[in-house]
Amino acid sequence: MCQVGEDYGERAPGEPPPAPRPSREQKCVKCKEAQPVVVIRAGDAFCRDCFKAFYVHKFRAMLGKNRLIFPGEKVLLAWSGGPSSSSMVWQVLEGLSQDSAKRLRFVAGVIFVDERAPGVLTVALRSATREKPLPKGKWPTPHSSTRKHRPAERGLEGFSQVEVALQPALPGSSLSLDSFCLGFSEGAACGQSLEERSKTLAEVKPILQATGFPWHVVALEEVFSLPPSVLWCSAQEPVGSEGAYKAAVDSFLQQQHVLGAGGGPGPTQGEEQPPQPPLDPQNLARPPTPAQTEALSQLFCSVRTLTAKEELLQTLRTHLILHMARAHGYSKVMTGDSCTRLAIKLMTNLALGRGAFLAWDTGFSDERHGDVVVVRPMRDHTLKEVAFYNRLFSVPSVFTPAVDTKAPEKASIHRLMEAFILRLQTQFPSTVSTVYRTSEKLVKGPRDGPAAGDSGPRCLLCMCALDVDAADSATAFGAQTSSHLSQMQSPIPLTETRTPPGPCCSPGVGWAQRCGQGACRREDPQTCIEEQLCYSCRVNMKDLPSLDPLPPYILAEAQLRTHRAWGLQEIRDCLIEDSDDEAGQS
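Under an unreviewed UniProt entry, the name given to the protein chain is Cytoplasmic tRNA 2-thiolation protein 2, and the source organism is Pan troglodytes. Turning to the protein chain, the UniProt annotation filed under Pathway (unreviewed entry) states: "tRNA modification; 5-methoxycarbonylmethyl-2-thiouridine-tRNA biosynthesis." Per UniProt, the protein chain has the following entry under Subunit (unreviewed entry): "Component of a complex at least composed of URM1, CTU2/NCS2 and CTU1/ATPBD3."

(A) Region of the structure containing the overall build of the protein chain. Of regular secondary structure, the protein chain possesses 18 helices and 10 strands. The 586 residues of the protein chain split such that 46% are buried. Look at the contacts in the protein chain between residues 6 or more apart in sequence, and 75% of them connect residues 24 or more apart. By element, 54% of the accessible surface of the protein chain is carried by carbon and sulfur atoms, the whole surface being about 30,700 Å².

(B) Quick peek at the sheet that holds strand S8 (residues 332–334). Here 6 strands make up an open sheet; going across it, the order is S7-S4-S3-S8-S10-S9 and the pairing mixed. Pairing within the sheet leaves two strands with one partner each, and these edge strands are strand S7 (215–219) and strand S9 (365–366). Judged from the 5 bridges that link them, strand S3 (residues 74–78) and strand S4 (residues 107–114) form a sheet pairing that is parallel. The residue bridging Leu76 from the neighbouring strand is Gly109, located in S4. Running over the sheet, helix H4 (residues 194–211) touches S4 and S7 and is turned about 165° from S7. Against the sheet, helix H8 (residues 306–327) touches S3, S4, S7 and S8, its axis set at about 145° to S4.

(C) Quick look at the packing of aromatic side chains. Per the stated rule, a full pass over the model turns up 6 aromatic pairs. Measuring from ring centre to ring centre gives 4.1 Å for Tyr55 and Tyr389, while their planes differ by 10°; the resulting arrangement is stacked. Here the residue Tyr55 occupies a position in helix H1 (residues 48–66), and Tyr389 occupies one in helix H11 (residues 383–392), the gap between them amounting to 334 residues. Residue Tyr55 is classed as buried on the basis of its relative accessible area, which comes to 0%. Residue class for Tyr389 comes out buried when judged on its relative accessible area of 0%. Measuring from centroid to centroid gives 4.7 Å for Tyr389 and Phe393, while their planes differ by 40°, and the two rings are tilted. Each of the two residues, Tyr389 as well as Phe393, counts as buried. An aromatic cluster of three or more residues is present, and its members are Phe51, Tyr55, Tyr389 and Phe393. Across the ring face of Tyr330, the terminal group of Lys74 is positioned such that the distance to the ring centre comes to 4.6 Å.

(D) Region of interest: unusual backbone geometry. If you check the backbone angles, Arg67 has positive phi at about 55° while not being a glycine. If you trace the backbone, Arg67 turns up in the loop between H1 and S3. Owing to a relative accessible area of 30%, Arg67 belongs among the partly exposed residues under this scheme. Positive phi, close to 65°, is recorded for Met463, a residue that is not glycine. For Met463, the location among the structural elements is in the loop between helix H13 (431–440) and helix H14 (476–487).

(E) Structural detail: the pattern of salt bridges. Applying the stated criterion across every chain yields a total of 17 salt bridges. When the shortest N-O distance is used, the salt bridge between Lys332 and Glu73 registers 2.8 Å. With Lys332 in strand S8 and Glu73 in the loop between H1 and S3, this pair connects stretches of sequence that are 259 residues apart. This pair shows no difference in class: Lys332 is buried, exactly as Glu73 is. For Glu418, the salt bridge goes to Arg415, with nearest N and O atoms at 3.8 Å. Of this pair, Glu418 and Arg415 both sit in helix H12 (residues 413–427), 3 residues apart, which is roughly one turn of the helix. Each member of the pair, Glu418 as well as Arg415, is classed as buried. Each of Arg41, Asp44, Lys58 and Glu385 takes part in salt bridges that share partners, so that together they form one network.

(F) A look at the environment of Leu93. By the secondary structure assignment, Leu93 is in helix H2 (residues 83–95). For Leu93 and Gly212, which are 119 residues apart along the polypeptide, the C-alpha to C-alpha distance reads 8.6 Å.

(G) A look at the pairing of S3. A large share of S3 lies buried, amounting to 4 of its 5 residues. Traced from S3 through H2 to S4, the parallel crossover comes out right-handed. Bridge count between S3 and S8: 3 bridges; the pairing is parallel. When the bridges of S8 are listed, Leu77 appears paired with Met334.

(H) Region of interest: helix H17 (residues 552–570). Its 19 residues give H17 an end-to-end C-alpha distance of 27 Å, which sits within 8% of 27 Å, the value for a rise of 1.5 Å per residue. All of the buried residues along H17 are Tyr553, Ile554, Leu555, Ala556, Glu557, Ala558, Gln559, Arg561 and Thr562. The secondary structure elements touched by the buried residues of H17 are H8 and helix H15 (525–530).

(I) Inspection of the packing of H1 against H11 at higher detail. It is the contact of H1 with H11, at a shortest axis distance of 11 Å, that shows an interaxial angle of 125°. Taken together, the axes of H1 and H11 are oblique relative to one another. For the element pair H1 and H11, the recorded crossing hand is left-handed. Contacts from Arg48, Phe51, Lys52, Phe54, Tyr55 and Lys58 in H1 reach Glu385, Val386, Phe388, Tyr389 and Leu392 in H11. Across the contact of H1 with H11, the residue classes break down as 7 nonpolar, no polar and 4 charged.

(J) Main features of the state of the cysteines. Within this structure, the stated rule accounts for 0 disulfides. For the unlinked cysteine Cys534, the closest cysteine sulfur is that of Cys537, found at 3.5 Å. Judged by relative accessible area, Cys534 falls into the buried class, the value being 1%.

(K) Broad picture of the pairing of S4. Of all 8 residues making up S4, 8 are buried, and the element is well covered by its neighbours. Of the two faces of S4, the one carrying Val107, Gly109, Ile111 and Val113 and the one carrying Ala108, Val110, Phe112 and Asp114 are both buried. With 5 bridges joining them, S4 and S7 adopt parallel strand pairing. If you follow Phe112 over to S7, its bridge partner there is Val217.

(L) Layout of H1. Across its 19 residues, H1 extends 28 Å between first and last C-alpha, which sits within 8% of the 27 Å expected from 1.5 Å per residue. Buried residues of H1: Cys50, Phe51, Phe54, Tyr55, Val56, Lys58, Phe59, Met62 and Leu63, and no others. For H1, the elements touching its buried residues are strand S1 (38–41), strand S2 (44–46), H2, S8, H11 and H13. Note on H1: the residue one or two positions beyond its end, Arg67, has a positive phi of about 55°.

Conventions and cut-offs
Residues numbered from 1 in each chain as written. Predicted model: local features only at pLDDT ≥ 70, side-chain atom pairs only at ≥ 80, totals over all residues. Heavy atoms only, no water. UniProt positions renumbered as here; feature names shortened; annotations may be inferred. Helix = DSSP H or I, 4+ residues; strand = E, 2+ residues; numbered from the N terminus. Buried < 20%, exposed > 50% of the residue type's maximum accessible area, 1.4 Å probe, protein only. Contact = heavy atoms within 4.5 Å. Areas by Shrake-Rupley, 256 points an atom, 1.4 Å probe, with all protein chains shown as cover. Pairing = 2+ DSSP bridges. Axes fitted to C-alpha atoms, helices over the stretch in contact; angles between N-to-C directions. Phe/Tyr/Trp six-rings, centres within 6.5 Å; stacked < 30°, edge-to-face > 60°. Lys NZ or Arg CZ within 6 Å of the ring centre and 35° of its normal. Salt bridge = Lys/Arg side-chain N within 4 Å of Asp/Glu carboxyl O. Right-handed = clockwise from strand over helix to strand, strands pointing away. Expected span 1.5 Å × (residues − 1). Parallel < 35°, antiparallel > 145°, perpendicular 65-115°, else oblique. Left-handed = near helix turned anticlockwise from the far one by under 90°. Nonpolar A, V, L, I, M, F, W, Y, C, P; charged D, E, K, R; others polar. Disulfide = S-S within 2.5 Å.

Structure (C-alpha cells):
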C-alpha cells in the first residue's frame, strides 16, 4: 500500500535527514565567534549580524551586477504589503540612509494597489483579516501582529463552486440574476466592504509615511479609466555600456559634491524633498465610484476559472502600475518577486503556455514595455530568508487576502504548482534553487521573423511579442488556428450587450456596437481580439464568455489595431517597396 504523505513517526528511506538545530557549541559559519540564531540550509548557521550582512549583500550584488539603474533615476517600488515586497522597500530605505556604507543613488517612490474590491455576492466564507486596525504612527511586525483566522464552513471547504445566496453587495444595484456567478471570484472569496478597505488603508498609510518616499495608493477600479496608450510600447533608450555607467556615476558624484558642499540632507533624499509635500491626503486612493466597483465585480464574476482570474488580475495590476510610473516620470519599477516565487512562476508559466516569454517573466529585467523597465532585485532571496529577516529586524508588513486565499490546492494551476514546488522543497531542499538556476540560463532572443523586431505585433494583454507561426500546423498555435478556421464555416452569433446602440469607431465603445463596415464586418469581435493575443492569453480568454466586461482601454486599443491593420492591407498595393539592393545602399 502506498504510504506517501503518511506520518508513522519514522523517516522514509529517501527522505533527507532534518536540518540540525543550532546548539550552544555551534558557532556562526562566517565570523566563527557569535552564537547562530538562524539556519538557512543544512550547515549554514548565521548569527544576527552576519545574516544581515549576507542578506544585504545579496540585494546590493543583484543591483550592482546588472547595472541597469543609473544614478539619479526615478524608481517606483511596487509594494503589495507582503513579506518580500516589504523587505525590498526596507532594503531600499536602508540603502538610501545616511548611515549606509555604499549608498544607493536613485530616487525612490512607492505604489500600493488596493485590489480588495467588494464583490457582488455575499458568501458564507470569511477571509483572514486583522482584528484591529493598525494604531496610527506605529509599525506592525509579522511576529507581533494580531490575526484572527476563521476556518471555512464545513459545507464550503474543498469546493471550487458552491451554491450561495444571491445578494447584491451594492445598494441600488440593477444587476440581474443571470449576471451573478456561483464561484469564488475575487469579490466573493476575498472581497472586502468599504469599511474593511478603509481599515486596510489605515494600516497601509502609516507604513508608507514612515518610509519618507513619495507614495501612491490606487484602487484596482482605476483600470476602467486608463487610456489606450497604456498598451503602447514606447521607444526604449539604448542600454549604456559599463564605461557609460561609470561615467554617469562619476558625473553624479561630482554634481552632488558641488551641491552638497555646504552640508545638509543627502543627495538622493535632498532631490526628493520638493515632490514630498502632497503626502497625506492627495496620494491616498480616492474611493472608486459605484459604477467602477460594479464593473470590476462583473468582470471577475464573468471569468469561469480561478486560473484565468489570477492571470487577469496580474495583467490589470501591471497595466495600472505602468500607467502610474509613466504619469509620474519613473523609468524603473521594482517588484519583490523572491527566488521561491520565481521558481513557482516559471513552472506555472510553462503549464500556461508562456514558455517563449520565461526570460521576461522571471529574469532580472523586463523590457517589454519600452520606456519603463521592470526589475526584480529580490530574485536571489528565498522565502525562508525573507521570513527570517523580517522577523529578526521587525520589517513592517500588512496582511491582506488575495484572490486565491483559502482556495483548494487544485483550484487553479497557480495553486497546484505552488503546492507541488513547496512540497518538493520540503523533501529535497535544492528544488527551488535548481529551478531558479535554470531560469538564469534563459536568453531573451525571439526567433527570426516579423515579430523579431521592436515594431512587430505585440500581445494586447501581456504586451509580449507575438512570436507565433499560425501557418505551422505542428504547433499549438497552428492547431488552434486550423480548428478556428473550420468553425468559421458556420455563422457565429454576435456577443450580447445591454448597452444602447451607438457609433462603432469611437474609442471605448463595446465591440457589439460596431458599424458593420470594413474590418468590423469581416469577423466577430471575439476573433478580432484573439488574433491580437499570444497563445497563453488566448487560452485564458476562453474563460471569458463576453467581451463587454473588459476595461474600455483594452477594447479601444483592439479596435484601433484592427482598423489600422485593415487600412494597411487596403493600401498595400499602392505602396512602393524598396528592393534589396536599394535597401542595402541606404
